[in-house]
Amino acid sequence: MKPFLDADFLLHGDTAKRLFHNFAAGRPIYDYHNHLSPRVLWEVKLWQEQ
């Protein structure tokens, strides 16, 4: 039986799996849906330096 939360959770199809594992998996997550002002996102460079 396949585990519920495996490495392909919510990835439907070979294309989605290939794109995620070969490109997106090693990238940081940017969440622009927040309550910070655009100025804070622009001035704080911590996100870009990691």
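The rules behind these values
- Residues numbered from 1 in each chain as written.
- Predicted model: local features only at pLDDT ≥ 70, side-chain atom pairs only at ≥ 80, totals over all residues.
- Heavy atoms only, no water.
- Helix = DSSP H or I, 4+ residues; strand = E, 2+ residues; numbered from the N terminus.
- Buried < 20%, exposed > 50% of the residue type's maximum accessible area, 1.4 Å probe, protein only.
- Areas by Shrake-Rupley, 256 points an atom, 1.4 Å probe, with all protein chains shown as cover.
- Phe/Tyr/Trp six-rings, centres within 6.5 Å; stacked < 30°, edge-to-face > 60°.
- Lys NZ or Arg CZ within 6 Å of the ring centre and 35° of its normal.
- pLDDT = per-residue confidence, 0-100.

Colleague: Give a description of the overall build of the protein chain that names residues and reports values.
Modeller: Counting its secondary structure elements, the protein chain contains three helices and zero strands. Taken from the N to the C terminus, the helices and strands of the protein chain come in the order α-α-α. Here the protein chain holds 50 residues, and the buried ones make up 2% of them. Summing over all exposed atoms, the protein chain offers an accessible surface of approximately 5,200 Å²; the carbon and sulfur share of this is 61%.

Colleague: Could you give an account of the packing of aromatic side chains, naming the residues involved and the relevant values?
Modeller: In this description, an aromatic ring pair is defined by two values, namely the gap between the centres and the angle between the planes. Throughout the structure, instances matching the rule amount to one aromatic pair. Its guanidinium or amino end placed over the ring of Phe23, Arg27 lies 4.5 Å from that ring's centre, counting from NZ or CZ.

Colleague: Pulling in residues and values, what's your account of the confidence of the model for the protein chain?
Modeller: The predicted model of the protein chain averages 82 in pLDDT, with 86% of residues at 70 or higher. For the protein chain, per-element mean pLDDT is lowest for helix H3 (residues 46-49), which scores 56, and highest for helix H1 (residues 14-24), which scores 96.

Colleague: Tell me about unusual backbone geometry, and please be specific about residues and values.
Modeller: Positive phi, close to 70°, is recorded for Leu10, a residue that is not glycine. For Leu10, the position within the fold is in the segment before H1.

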